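Coordinates in review
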Amino acid sequence: METKSKTVEVEFIEQLCECGGVLRTLDRHAERTDKWMEEQIIHTHPTTWDVKCSKCGQESSTSFPWPVIKYKGKRFLLEEHVKGKVSALTALLRRYSEKHSKRG
Ligand SMILES: [Zn+2]
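As summarised here, the arrangement of the three strands in space is β2-β3-β4, forming an open sheet in which the pairing is antiparallel. Strands with a single pairing partner mark the edges of an open sheet, and in this sheet they are β2 (23-25) and β4 (59-62). Direction aside, the axes of adjacent strands within the sheet are offset by 40° on average. The pairing of β2 with strand β3 (residues 49-53) spans three bridges and is antiparallel. Bridge pairing in β3 links Arg24 to Lys52.

What follows is the structure in structure tokens.
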């Protein structure tokens, strides 16, 4: 399928740290760790992204993978952030279903 492109004006939105630096999303996902195998966490924990401040280096997690692009009132995420999270969630589901199929 063909694609086409056009030049548009967008807003580039970054989340600021308390120190004034900007938060950058890390390619590191909690879903890849074994603690996420616990059923309660899978069902109750919201999807979050790990971020790190570009200035002070403090790490935290947010409900949104910064930075984002805003165009016509809608926010667009960076492809690498979306693919990283989908990959981590898919891996979690695979491990989870393997664990439960062994029980039965
Ligand atoms: Zn900072």
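Okay, back to it.
Here the focus is unusual backbone geometry. Residue Pro67 is reached from Trp66 by a cis peptide bond, and omega for that bond is -5°. For Pro67, the position within the fold is in the loop between β4 and β5 (68-71). Despite not being glycine, Lys72 has its phi angle at roughly 50°, a positive value. Of note, Lys72 is situated in the loop between β5 and β6 (74-76).

Relative to β5, strand β1 (residues 11-13) runs antiparallel, the two sharing three bridges. Note that in β5 the partner of Glu11 across the bridge is Lys70. Where β5 meets β6, three bridges bridge the pair, whose relative direction is antiparallel. Residue pairing in the sheet places Ile69 in a bridge with Phe76 of β6. From the end of β5 to the start of β6, which pair antiparallel, there are two residues, and Lys72 there has a positive phi angle of about 50°.

Calculation notes
- Residues numbered from 1 in each chain as written.
- Predicted model: local features only at pLDDT ≥ 70, side-chain atom pairs only at ≥ 80, totals over all residues.
- Pairing = 2+ DSSP bridges.
- Helix = DSSP H or I, 4+ residues; strand = E, 2+ residues; numbered from the N terminus.
- Axes fitted to C-alpha atoms, helices over the stretch in contact; angles between N-to-C directions.

Read these as spatial facts, not as claims about activity.
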